[in-house]
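# Structure at a glance
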Amino acid sequence: MASSSPVKHAWRVLLGLLIATAVLFGINAIGVYGFGKSSWTPELALDLQGGTQIILGAQTEDGADPSQEQLDQAAAIIRQRVDAAGVGESDITTEGGRNIVVQIPGTADEETRNRIQSAAKLELRPVLAATSPATSFVGEDGNETAYPTPSETMPSTPSPEPTDGSDLAWITEKLQAEFLSTPCSATDQDPAGAPGDQPLISCDPAGQVKYLLGPVALDGSSIDDATNGREQDSGRWVVNLTFDDKGTKAFADVSQRLFGYKGQGLTPRDQFAFVLDGKVISAPQMNGIILNGKPSISGSFTQETSKTLADQLRYGALPLSFEVQSSGTVSATLGSQQLQIGLIAGLIGLGLVAVYSLLSYRALGFVIIASIAVMAVLTYIIVCILAWRLGFRLSLAGVAGLIVSIGFVADSFIVYFERIRDELRDGKSITSAVEDGWGRAKRTIYISKSINILAAVVLYILADATVKGFAFALGLTTVIDVFIFVIFTHPVMQLLARTRFFGDGHPLSGMDPEALGAVYRTRTQYRAVAAGSMGKAARAGRSRGEAERRQTIAERKRAETLVNDRPAAGGPEENA
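Residues numbered from 1 in each chain as written. Predicted model: local features only at pLDDT ≥ 70, side-chain atom pairs only at ≥ 80, totals over all residues. Heavy atoms only, no water.

Named according to an unreviewed UniProt entry, the protein is Protein translocase subunit SecD originating from Microbacterium resistens. Database annotation for the protein, UniProt heading Sequence similarities (unreviewed entry): "Belongs to the SecD/SecF family. SecD subfamily." Turning to the protein, the UniProt record has this under Function (unreviewed entry): "Part of the Sec protein translocase complex. Interacts with the SecYEG preprotein conducting channel. SecDF uses the proton motive force (PMF) to complete protein translocation after the ATP-dependent function of SecA." (UniProt positions renumbered as here; feature names shortened; annotations may be inferred.)

## Overview of the state of the cysteines
Applying the stated rule across the entire model yields one disulfide. Each sulfur of the disulfide joining Cys 184 and Cys 203 lies 2.0 Å from the other. Measuring the twist about the S-S bond at about -85 degrees, one finds the Cys 184-Cys 203 disulfide to be left-handed. Of this pair, Cys 184 sits in the loop between helix 5 (173-181) and strand 7 (200-203) while Cys 203 sits in strand 7, and the two are 19 residues apart along the sequence. This pair shows no difference in class: Cys 184 is buried, exactly as Cys 203 is. (Disulfide = S-S within 2.5 Å. Helix = DSSP H or I, 4+ residues; strand = E, 2+ residues; numbered from the N terminus. Buried < 20%, exposed > 50% of the residue type's maximum accessible area, 1.4 Å probe, protein only.)

## Looking at the UniProt feature "transmembrane region" (unreviewed entry) in the protein
The feature "transmembrane region" (unreviewed entry), as annotated in UniProt, sits at residues 339-359, 366-388, 394-417, 446-463 and 469-488 in this numbering. End C-alpha atoms of residues 446-463 are separated by 25 Å, and the span's content is 94% helix alongside 0% strand. This span, residues 469-488, is 100% helix and 0% strand, and a straight line between its end C-alpha atoms measures 27 Å.

## Details of the sheet that holds strand 3 (residues 99-105)
Spatially, the four strands line up as an open sheet ordered 2-3-1-15, and their pairing is antiparallel. A strand with exactly one partner marks an edge of an open sheet, and here the two such strands are strand 2 (91-95) and strand 15 (321-330). Each neighbouring strand pair of the sheet contributes to a mean axis angle of 20 degrees, computed without reference to strand direction. Summarising the sheet, strand 1 (residues 51-59) and strand 3 pair through seven bridges and their orientation is antiparallel. Bridge pairing in strand 3 places Ile 55 opposite Val 101. (Pairing = 2+ DSSP bridges. Axes fitted to C-alpha atoms, helices over the stretch in contact; angles between N-to-C directions.)

## Some thoughts on a nonpolar patch on the surface
A cluster of nonpolar side chains, Leu 454, Val 457, Val 458, Tyr 460, Ile 461 and Leu 462, forms an exposed patch at the surface whose accessible area comes to about 610 Å². As for its placement among the helices and strands, Val 458 is situated in helix 11 (residues 430-462). Look at Val 458 and you get partly exposed, because its relative accessible area is 41%. (Patch = residues over 30% accessible without salt bridge, like charges linked within 9 Å, V, L, I, M, F, W, Y side chains within 5 Å. Areas by Shrake-Rupley, 256 points an atom, 1.4 Å probe, with all protein chains shown as cover. Salt bridge = Lys/Arg side-chain N within 4 Å of Asp/Glu carboxyl O.)

## Focus: the pairing of strand 11 (residues 237-243)
Burial runs high along strand 11: five of the seven residues are buried. Inspection of the sheet shows strand 10 (residues 223-230) paired to strand 11 by seven bridges, in the antiparallel sense. Looking across to strand 11, one finds that Arg 230 is bridged to Trp 237. In this sheet, strand 14 (residues 296-297) lies alongside strand 11 in antiparallel orientation, the contact comprising two bridges. Within strand 14, the position partnered with Val 239 by the bridge is Ile 297.

## Quick look at the packing of aromatic side chains
For the coordinates displayed, the defined rule picks out 14 aromatic pairs. With a centroid separation of 6.4 Å and an interplanar angle of 50 degrees, the aromatic rings of Tyr 33 and Trp 40 are classed as tilted. Owing to a relative accessible area of 32%, Trp 40 belongs among the partly exposed residues under this scheme. Ring geometry for Phe 392 versus Phe 472: centroids 4.6 Å apart, planes at 35 degrees, classification tilted. Here the residue Phe 392 occupies a position in the loop between helix 9 (364-389) and helix 10 (396-425), and Phe 472 occupies one in helix 12 (residues 465-496), the gap between them amounting to 80 residues. Three or more aromatic residues link up through ring pairs in this structure, and these residues are Tyr 361, Tyr 416, Phe 417, Trp 438 and Phe 485. Over the face of the ring belonging to Tyr 460 we find Lys 468, whose NZ or CZ atom lies 4.7 Å from the ring centre. (Phe/Tyr/Trp six-rings, centres within 6.5 Å; stacked < 30°, edge-to-face > 60°. Lys NZ or Arg CZ within 6 Å of the ring centre and 35° of its normal.)

Structure representation (structure tokens):
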């Protein structure tokens, strides 16, 4: 019964591997057939596939070229937004002193385009008035009359001077006329140029409500973090903000003032508006005093739009406003020929590993080949899933990382099999050698693989974007290698050790004790060589020589002492 326990454990582990593989294929199938966003082939990066190129031109108030510092800052923010969208292997550079060139693998959808070019200037303004977007009214005679347009003679200076952003003294006669006569189509504000210390006329993105807003009470520079999630009560998608210390105090003051208006029934003055790039994305009522600096933005968000807004706010507003100068496709910088060369190199590497394994380990080499095959299947499907969920794309550097990992994979098997052989040379049975060799080999492998993973992480963090694909592929395959070693290679060896071919140490199994020099029970106590043919005696002699070569200096001295202390043949003890 004791011997059946490892067998049952091995079968359970292999069944778990089969289930895990089926689950991964099922997840990708959901992405392919359920959402239509995944594929059964890995996504390729710019250098192998090509993609979309968007050239953004910087807009300044005086028409002068922006500074290089402003362009570099804008490029860094755009890169963070693109990376947060899960678009891997993108290329973002500055050009000509006022342009930013964005190259994205594949076809850029509308969400990605908005994420790139939106200035994402967030302002929190109190609401002074709200009305329909109409610019005319129906008079007593039943005719529709347009609201009068403001004239220069109308008073435009607040009197008395407003005490805070919610003071109705901001609404001058000229501002009132402008508010009523301005259509929503004309309320677009320049995100970089709208004055923060003056009222603002704006509309919601759908153009259904027109707002007159007070000066800026708080802006996006006070945001520490922004995340998207579902509201517990309603299930709506919202954007959760976290302000810094200064923003927390300012928002607490605003919420206290607006909540006081709610108690007096002064709607809409109890509302505050989140204004993004000149548009009111949400204007909720203040239902309580928020002192922790963690408000939420609600609106007609979906999961994707809420995530886009959260990413834009998290990484800050662009220091400039941009407009799209041109948009088109770009061809692959390297092309499919380089990919074919990389795949051929990988196949050659696999072939060499297979030949070496069979020559050195005989039938055990098939265990190495099977392990690499299982690893290849898991790596392939995981790369497909990562392309769907995280936007990972395979570049030529990533292909190189996969090829290099073949050698690292072979290292694990070599360490394990050599440990098993060492146990056999010590005179242990094959089943015991497999278990004890596993116990010793796994510590060595875990340490070596952890170093590989650490190197991949450091390389991914510090290296240029063109090398990140190599580091990611190397780290991914290293993790999968350890996974395969634990749940495939060792269980298979446990099962094979109990078969007649491997358990009896067949010469072609790679576990033949005599071929490995296992002629002693300990390193100083040799097995007797049975009488037989000269060929067998010669093999035993070679095995004995192999055992002697593997002895340490102390073991050799001890063996010589035992031989010298042994009574000579035909001596007194023998005669007695």
